Amino acid sequence: MADIETFKQENRVFAPPAEFVKNAAISGMDAYHAMCKEAEQDYEGFWAKLAKQNLQWKQPFTKTLNESEAPFYKWFEDGKINVSYNCLDVHLENGNADKTAIIFESDDATVTRVSYRELHKKVCQFANGLKSLGVKKGDRVVIYMPMSVEGVAAMQACARIGATHSVVFGGFSAKSLQERVIDAGAVAVLTSDVQVRGGKQLPLKAIVDEALNMGGCDTIKNVIVYKRGSGEINWVNGRDLWLHDVVAGQAETCEPEWVDAEHPLFILYTSGSTGKPKGVQHASAGYLLWAVLTMKWTFDIKPNDVYWCTADIGWITGHTYIAYGPLAVGATQIVFEGVPTYPNAGRFWDMVQRHKASIFYTAPTAIRSLIKAADADEKIHPKQYDLSSLRLLGSVGEPINPEAWMWYYKNVGGEKCPVVDTFWQTETGGHMISPLPGATPQVPGSCTLPLPGIAAAIVDETGNDLPDGNGGILVVKRPWPSMIRTIWNDPERFKKSYFPEELGGKIYLAGDGAIRNKDNGYFTITGRIDDVLNVSGHRMGTMEIESALVANSMVAEAAVVGKPDPTTGESICAFVVLKRPRPTGDEAKQIAKELRDWVAKEIGPIAKPKEIRFGDNLPKTRSGKIMRRLLRVLAKGEDITQDVSTLENPAILDQLKEAQ
Ligand code: PRX
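Computed from a predicted model, the values in this text were never measured in an experiment. (Residues numbered from 1 in each chain as written. Predicted model: local features only at pLDDT ≥ 70, side-chain atom pairs only at ≥ 80, totals over all residues. Heavy atoms only, no water.)

### Things to note about the sheet that holds strand E15 (residues 278–282)
Argument step 1. If you walk across this open sheet you meet the 8 strands as E12-E11-E8-E6-E7-E14-E15-E23, and the pairing is mixed. The open sheet terminates on both sides in strands that have one partner only, identified here as strand E12 (240–242) and strand E23 (486–487).
Argument step 2. Pairing between strand E8 (residues 188–192) and strand E11 (residues 222–226): 5 bridges, direction parallel. Bridging from a neighbouring strand, leucine 190 pairs with isoleucine 224 of E11. (Pairing = 2+ DSSP bridges. Helix = DSSP H or I, 4+ residues; strand = E, 2+ residues; numbered from the N terminus.)

### Considerations on the packing of helix H4 (residues 43–54) against helix H11 (residues 285–297)
Argument step 1. Closest axis-to-axis distance for the H4/H11 pair is 10 Å, and the angle between their directions is 85°. Taken together, the axis directions place H4 and H11 in an arrangement best described as roughly perpendicular. Residues Phe46, Trp47, Leu50, Ala51 and Asn54 of H4 touch H11, and the partners they reach there are Leu289, Trp290, Val292, Leu293, Lys296 and Trp297. (Axes fitted to C-alpha atoms, helices over the stretch in contact; angles between N-to-C directions. Parallel < 35°, antiparallel > 145°, perpendicular 65-115°, else oblique. Contact = heavy atoms within 4.5 Å.)

### Observations regarding the confidence of the model for the protein chain
Argument step 1. Per-residue confidence for the protein chain gives a mean pLDDT of 96, with 98% of residues at or over 70.
Argument step 2. Per the prediction output, this complex has pTM 0.95; the corresponding ipTM is 1.00. (pLDDT = per-residue confidence, 0-100.)

### Regarding the pairing of strand E16 (residues 306–309)
Argument step 1. Side chains Val306 and Trp308 of E16 all project onto a buried face; the interleaved residues Tyr307 and Cys309 project onto the opposite face, where all are buried too.
Argument step 2. Alignment of E16 against strand E17 (residues 332–336), held across 3 bridges, turns out to be parallel. Paired with tryptophan 308 across the two strands is isoleucine 334, which belongs to E17.
Argument step 3. Each parallel crossover has a hand, and the one from E16 via helix H12 (residues 316–328) to E17 is right-handed.
Argument step 4. Bridging between E16 and strand E18 (residues 359–362) involves 3 bridges; their strand directions are parallel. Each bridged residue has a counterpart across the sheet, and for tyrosine 307 the counterpart in E18 is isoleucine 359. (Buried < 20%, exposed > 50% of the residue type's maximum accessible area, 1.4 Å probe, protein only. Right-handed = clockwise from strand over helix to strand, strands pointing away.)

### Details of the side chain of asparagine 128
Argument step 1. Position of asparagine 128 among the secondary structure elements: in helix H6 (residues 116–132).
Argument step 2. Residues contacting asparagine 128, with those up to four places away along its chain left out, are Gln250, Ala251, Thr253 and Cys254.

### Overview of the UniProt feature "binding site: ATP" (unreviewed entry) in the protein chain
Argument step 1. UniProt records the feature "binding site: ATP" (unreviewed entry) for Gly397, Glu398, Pro399, Asp421, Thr422, Phe423, Trp424, Gln425, Thr426, Asp512, Arg528 and Arg539 in the present numbering.
Argument step 2. In this structure, threonine 426 sits in the loop between strand E20 (419–422) and strand E21 (456–459).
Argument step 3. Discounting chain neighbours no more than four positions away, the residues touching threonine 426 are Leu268, Thr270, Val280, His282, Ile316 and Arg539.
Argument step 4. Counting through the fold element by element, arginine 539 comes out in strand E27 (residues 538–541).
Argument step 5. For arginine 539, a relative accessible area of 16% puts it in the buried group.
Argument step 6. When residues no more than four places from it in sequence are discounted, the contact partners of arginine 539 are Thr270, Ser271, Lys278, Gln425, Thr426, Glu427, Arg528, Val532 and Leu533. (UniProt positions renumbered as here; feature names shortened; annotations may be inferred.)

### A few points about the site of the ligand
Argument step 1. If you check the shell around the ligand, you find 17 residues, and the closest are Asp421, Thr426, Asp512, Arg528 and Arg539.
Argument step 2. A distance of 2.7 Å separates an oxygen atom of the ligand from a polar atom in the side chain of arginine 528.
Argument step 3. For the ligand, whose unbound accessible area comes to 540 Å², protein coverage reaches 95%.
Argument step 4. Of all the elements in the fold, those that place two or more residues in the shell around the ligand are H12, E20 and strand E25 (523–528).
Argument step 5. Looking at the shell around the ligand, its residues break down into 6 nonpolar, 6 polar and 5 charged. (Near = heavy atom within 4 Å. Polar contact = N/O pair within 3.5 Å; in protein donor to acceptor, adjacent residues only side chain to side chain. Areas by Shrake-Rupley, 256 points an atom, 1.4 Å probe, with all protein chains shown as cover. Nonpolar A, V, L, I, M, F, W, Y, C, P; charged D, E, K, R; others polar.)

### Brief notes about the packing of aromatic side chains
Argument step 1. On inspection of all chains with the given rule, the structure shows 41 aromatic pairs.
Argument step 2. On the numbers, 4.9 Å between centres and 85° between planes, the contact of phenylalanine 266 with tyrosine 287 is edge-to-face. Taken together, the residues span a long stretch of sequence, with phenylalanine 266 in strand E14 (residues 266–270) and tyrosine 287 in helix H11 at a distance of 21 residues.
Argument step 3. Between tryptophan 405 and tyrosine 409, the ring centres sit 5.2 Å apart and the planes meet at 20°, which makes this aromatic pair stacked. One end of the pair is tryptophan 405 and the other is tyrosine 409, both in helix H15 (residues 402–412) and 4 residues apart, which spans about a single turn. (Phe/Tyr/Trp six-rings, centres within 6.5 Å; stacked < 30°, edge-to-face > 60°.)

### Topic: the pairing of E21
Argument step 1. Burial along E21 is two-sided: Ala456 and Ile458 and Ala457 and Val459, pointing in opposite directions, are all buried.
Argument step 2. Of the pairings in the sheet, the one linking E21 to strand E22 (residues 471–476) comprises 4 bridges and is antiparallel in character. Following the sheet pairing, alanine 456 is matched in E22 by valine 476.

### As for the environment of serine 68
Argument step 1. Relative to the helices and strands, serine 68 is located in the loop between strand E1 (65–66) and strand E2 (74–75).
Argument step 2. Taking C-alpha positions, serine 68 is 32 Å from isoleucine 525, a pair spaced 457 residues apart along the chain.
Argument step 3. There is a polar contact of 2.7 Å between the side chain of serine 68 and the side chain of asparagine 66.

### Considering helix H3 (residues 28–41)
Argument step 1. Taking 1.5 Å per residue as the helical rise, H3 with its 14 residues ought to reach 20 Å, and the 21 Å between its terminal C-alpha atoms agrees with that figure.
Argument step 2. Taken together, the buried positions of H3 are Gly28, Tyr32, Met35, Cys36 and Ala39. Buried residues of H3, seen end-on, are gathered within an arc of 145° and therefore sit on one face of the element. More than 90 degrees from the buried face of H3, the exposed residues found are Asp30, Lys37, Glu40 and Gln41.
Argument step 3. Against the buried residues of H3 lie helix H2 (18–23), H4 and H11. (Expected span 1.5 Å × (residues − 1). Arc of directions from axis to C-beta.)

### A short note on the pattern of salt bridges
Argument step 1. Evaluated as defined, the whole model comprises 45 salt bridges.
Argument step 2. Residue lysine 227 pairs with aspartate 193 through a salt bridge whose shortest N-O separation is 4.0 Å. Within this pair, whereas lysine 227 is found in the loop between E11 and E12, its partner aspartate 193 is found in the loop between E8 and strand E9 (194–197), the two being separated by 34 residues in sequence.
Argument step 3. Using a relative accessible area of 2% as the deciding quantity, one classes aspartate 193 as buried.
Argument step 4. If you follow the salt bridges from partner to partner, you end up with Glu105, Arg347, Asp350 and Arg354 in one network. (Salt bridge = Lys/Arg side-chain N within 4 Å of Asp/Glu carboxyl O.)

### Observations concerning unusual backbone geometry
Argument step 1. Geometrically, the link from alanine 70 to proline 71 is a cis peptide bond, its omega value of 10° lying close to zero.
Argument step 2. Tracing the backbone through its elements, the reader meets proline 71 in the loop between E1 and E2.
Argument step 3. A positive phi angle, near 60°, is found at glutamate 415, a position not held by glycine.
Argument step 4. In this structure, glutamate 415 sits in the loop between H15 and E20.
Argument step 5. A residue is classified by how much of its surface remains accessible, and glutamate 415, at 49% relative accessible area, is partly exposed.
Argument step 6. In this structure, serine 536 takes a positive phi of about 55° despite not being glycine.
Argument step 7. Along the chain, the position of serine 536 falls in the loop between strand E26 (532–535) and E27.

### Focus on the sheet that holds E21
Argument step 1. One open sheet accounts for 4 strands, arranged E21-E22-E24-E25; its pairing is antiparallel. On the outer flanks of this sheet lie E21 and E25, each paired with one strand and no other. Neighbour-to-neighbour, the strand axes of the sheet open up by a mean angle of 45°, direction not taken into account.
Argument step 2. Note: strand E24 (residues 508–516) against E25, 5 bridges, orientation antiparallel. Its bridge partner being in E25, alanine 514 is matched across the sheet by isoleucine 525.

Next comes the structure, spelled out in C-alpha cells:
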C-alpha cells in the first residue's frame with residue numbers, strides 16, 4: 001500500500017495539454033464545475049436529461065429516481081430498454097455497421113477483427129441458441145470464459161434475452177465456481193475447453209465438471225463450451241453442448257427482450273469482510289448510462305480512437321469498460337487474451353505500437369511489474385517502441401504510487417498524455433472519482449475530484465463531515481444511476497454493508513479511507529478500512545482466506561493480514577496455528593506449501609498466501625479477540641511499539657516475528 005506521507009507531500013501538478021483541452025468532451029475546469037453545479041441544483045433533472053440523451057429507450061421513463069424504499073433506490077423505473085440493443089443495433093442503424101468493434105489479439109498474437117455488424121450477428125445467434133435451450137428472461141447464466149470475442153458475445157447475448165449473467169473469473173477454483181453457481185441458482189454455464197495464457201493451455205471445462213460434481217448445482221441444465229483448444233475433454237451427454245453446435249443454423253437477428261430499467265443485468269461476486277463473497281447486483285439502464293457517460297467523460301472517447309482496457313471480463317472493469325461501455329459508444333477496442341509478460345514484458349508496448357492504440361487503461365500492479373522488467377532488460381523498455389498513437393492513459397484497481405505514476409506518464413505517455421487515476425468499485429458500476437483528461441490538473445497518486453453528479457465526501461464514524469486535510473471514511477451522499485442495487489439473495493447484508501445505521505442508513509459506505517487536500521479538494525484513497533485486501537488489484541477478503549485455511553484438517557486457527565508489497569500493492573500473510581505442534585525448518589516449509597496449494601484449490605491461485613507463519617497460538621486479548629493490528633505490524637517486519645498490556649499471551653509475538 002502506498003505510504004500516505006508520500007501522497008501528502010506530493011506537489012507535482014500536471015495540467016492537461018492545451019490541444020487535449022480544446023477537443024475534450026468536458027473542456028476545462030469551468031465546464032466541470034458547471035456540470036457539478038447543474039447536478040446540485042436539479043439532481044433528478046441532471047440525470048434525466050443525460051439518460052434521455054445517451055440511451056435508446058423502447059419506452060421512455062417518466063420517473064427518474066424513486067427513493068421511497070431507500071437504500072433500495074430505483075432509477076428510471078418505468079422505462080423499458082435493452083442493453084445489447086444499445087451496444088450493437090444502434091450502430092447498425094447509424095452507419096457504423098462496418099466499423100471495427102473488436103480487435104482481438106490471441107496469446108500467440110493472431111489478430112481477428114470483428115465489425116459491429118459481425119458482432120451483432122454473433123450475439124444474435126448466441127442469444128437465439130440460448131433461447132432454443134430454454135434460457136429466458138430472469139434466468140441466471142454463469143459465464144466462466146477466457147478473454148475472447150465469444151466471452152464478450154456471451155455477456156451481450158444474455159443481456160439481449162434478459163438473462164442475468166454472473167461472470168466468474170477464470171482464475172477461480174472449482175469450489176468458488178460451485179458456490180457462485182449455487183448462490184445464483186444458475187440454469188447454464190458458458191465456458192470453454194481451455195484458456196490459453198503465456199503459451200500454455202489451461203483447463204476450464206474440467207474445472208466446471210469438478211464444480212458441478214461437488215453437488216448442489218441441480219439448477220444447471222446445460223454447459224455450453226466454446227472450443228478454444230485442441231485437446232480432448234470430458235463430456236456429459238445431454239448436458240454439455242459445443243457452442244458452435246448451439247449457434248449453428250440460428251437466425252442472424254434476434255429481437256431484443258425489452259426489460260424494465262431496473263431489470264438485473266448481472267451479478268458479480270466480490271469479496272467483503274465476511275467469509276462469503278457477495279453477489280453484487282446491477283440494474284440495466286442506470287448501469288449502462290454511467291458506462292456510456294464515463295466512456296465519454298473520463299476516457300473522452302472519440303470515433304477514431306483505438307481503445308484498450310487490459311482487464312479481464314471476470315472483473316467489474318472488464319464488464320463496464322470492455323463488455324458494455326466501449327460497445328455502447330461505438331468504439332473500436334482491443335481485446336487481449338494473453339498476459340503482459342509473454343512472449344516478453346514488452347507485449348503491451350508492442351501491441352500499442354502495432355494496433356496504434358490511443359487510449360490505454362491498466363492496473364498499477366501491471367505498471368509496477370513492467371517497470372521492474374524494463375529496468376532489467378532495456379530491450380523491452382517502452383522507449384524502444386513507437387507509442388506516439390497514445391493520447392490518454394488510465395489506471396484502475398488500487399492506489400497508484402507517485403513513482404509508478406511518473407514512470408507511466410513519462411515513459412508510456414511521453415509526457416503528453418493525461419493520466420486518469422480512476423477510483424471506483426464493483427459496487428459503483430463505473431468511475432466515481434477521477435480526473436477529467438481535458439480539465440483536471442493531475443497530481444500523481446491522487447484520483448482528484450468526483451465526477452459530475454457523484455456526491456463523494458469524507459466523514460467520521462458517525463457520518464459527520466470532516467474538514468479537508470483530515471483522513472476519514474469515504475462515502476457517497478446521494479444515490480447515482482449505476483450503484484449496486486442489492487446483494488443477490490441477501491438484502492439485509494446489502495443494507496448493513498453499504499448503508500449502515502451508524503451513518504444514518506442512507507449514505508453509501510465505500511469501505512475505503514480517504515483524505516481530501518486542503519488546497520484543491522483533491523481526494524487520495526488511503527486504502528480499505530475493512531478486512532478486505534487488494535493484491536495485484538484483485539480484491540480479497542481476509543476472512544475468506546481464513547475460512548479456507550481452517551477448512552484444512554491440519555489447521556486449528558488462522559489469521560490473515562495484508563503486507564505492503566512493492567509490486568502487488570499488498571501481499572497475503574497468514575498466521576497459522578496447527579492442531580499438531582508448531583512445525584519448524586523443512587517441515588514448516590512443506591506444510592506451508594501444502595496450505596498454499598489448499599487455498600488455491602479452495603478459492604483460486606490468486607488467494608494463495610505469499611507467506612505463512614506458524615505459531616503455538618495467535619496474539620489475543622483476554623476476551624479472545626485476535627489482535628490483527630499487531631499481526632499487521634509483525635507481517636511488515638517492524639517492531640511492536642504499541643501497548644500490548646491487554647494481550648493474554650504477549651510471548652507469542654516473538655514466535656510470530658520471523659517468517660520460517
Ligand atoms: O480499495 C479500492 C481499490 O479497489 C477497491 C475496489 O475493488 P473492486 O471492487 O475489485 O474494483 C476494482 C476495479 C474498479 C476499492 O474499494 N481501488 C480501485 N480503484 C482505485 C482503488 N484504490 C485507489 N485508487 C484507485 N484508483
